[in-house]
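Topology and contacts: notes
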Amino acid sequence: MLGRVNHIAIAVPDLAAAVKAYRDGFRASVSAPQVLPEHGVTVVFVDAPNTRIELLEPYGEASPIAAFLERNPSGGLHHICYDVEDLVDARDRLTAMGARVLGNGEPKIGAHGNPVLFLHPKDFQGTLIELEEVPPSAENM
Ligand code: CO
């Protein structure tokens, strides 16, 4: 059921500064910023040879990462995202074991155009987990 690490996400207070650090400092390939109003964030993806790093900046009044950045003003590791083949199947199994899904429990469309959902960190060793449904044919992208 558990697939690849899709990305590791870092919440940042200043996306432009973070992009500069990765692009100029690490000479990494960084995507154009993408505003995701439904998720309350602006994101870019940094390509690493074996995964991607998602840099998240708050967007809008009720951004879900605003409180995190208040506690971590210079930014910090925010979540890890795993691929799954069948998101609803994974959700149903995990919730049957007592795990909590954030929000209304229904998948939303994430930055890659695939359904995603988030699992409560208190149910997973203090780590916020995102699951992204990636069709098997897309796994080597
Ligand atoms: Co993410």
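Structure: see above.
Report on the accompanying structure. (Residues numbered from 1 in each chain as written. Predicted model: local features only at pLDDT ≥ 70, side-chain atom pairs only at ≥ 80, totals over all residues. Heavy atoms only, no water.)

A closer look at the coordination of the cobalt ion
A metal bound by six donors in octahedral fashion has ideal angles of 90 or 180 degrees, whereas one bound by four tetrahedral donors has an ideal angle of 109.5 degrees. To keep it simple, the criterion reads: Only nitrogen, oxygen and sulfur atoms within 2.8 Å of the metal, or 3.2 Å for Na, K and Ca, are treated as donors, and water is left out, so sites may look incomplete. Labels for metal geometry use angle windows, namely 85 to 135 degrees for all angles of a four-donor tetrahedral site, and for square planar (four donors) or octahedral (six donors) sites opposite donors over 155 degrees apart plus all others within 65 to 115; sites meeting none of these are irregular. Secondary structure counts use DSSP, requiring at least four H or I residues in a row for a helix and at least two E residues in a row for a strand, with both numbered from the N terminus.
The protein atoms donating to the cobalt ion are H7 (NE2), E54 (OE), H79 (NE2) and E130 (OE), with metal-donor distances spanning 2.0 to 2.2 Å. Note that the cobalt ion binds 4 donor atoms; their angles at the metal cover 87 to 175°, and the shape is irregular. Along the chain, the residues donating to the cobalt ion are arranged with the sequence spacing H-x46-E-x24-H-x50-E. Highlighted residues: H7 in strand β1 (residues 5–11) and E54 in strand β5 (residues 52–58), separated in sequence by 47 residues.

Quick word on the packing of aromatic side chains
Cut-off, in case you're wondering: Here the aromatic set is Phe, Tyr and Trp, taking the six-membered ring for Trp, and pairing holds for ring centres within 6.5 Å; pairs whose planes are under 30 degrees apart are stacked, those over 60 apart are edge-to-face, and all others are tilted. Note on criteria: charge over ring means Lys NZ or Arg CZ within 6 Å of the ring centre, with the direction from the centre no more than 35 degrees off the ring normal.
The full count for this structure, using the stated rule, is 1 aromatic pair. Over the face of the ring belonging to F45 we find R52, whose NZ or CZ atom lies 5.8 Å from the ring centre.

Some thoughts on the pairing of β5
The test is simple: A pair of strands is considered paired only if DSSP assigns at least 2 bridges between the two.
Judged from the 5 bridges that link them, β1 and β5 form a sheet pairing that is parallel. Its bridge partner lying in β5, H7 is registered against R52. Examined bridge by bridge, strand β4 (residues 41–47) and β5 share 7 bridges and lie antiparallel to one another. Looking at the pairing, T42 lines up with E57 of β5.

A look at the pattern of salt bridges
What counts is decided by this rule: One side-chain nitrogen of Lys or Arg within 4 Å of one carboxyl oxygen of Asp or Glu is enough to make a salt bridge. Three exposure classes are used, based on accessible area relative to the maximum for each residue type with a 1.4 Å probe and protein chains only: buried under 20%, partly exposed in between, and exposed over 50%.
Under the counting rule described, the total for this entry stands at 6 salt bridges. A salt bridge links K20 to D24, with the shortest nitrogen-to-oxygen separation between them at 3.2 Å. A residue pair is termed a helical-turn pair when its members lie 3 or 4 positions apart in one helix, as K20 and D24 do in helix α1 (residues 15–25) at 4 residues. For K20, a relative accessible area of 53% translates into the label exposed. D123 is the salt-bridge partner of R100, the closest N and O atoms lying 2.9 Å from each other. Taken together, the positions of R100 in the loop between α3 (87–96) and β7 (108–109) and D123 in the loop between β8 (115–119) and β9 (129–133) put the pair 23 residues apart, joining distant regions of the chain.

So yeah, pure geometry; function would need other evidence.
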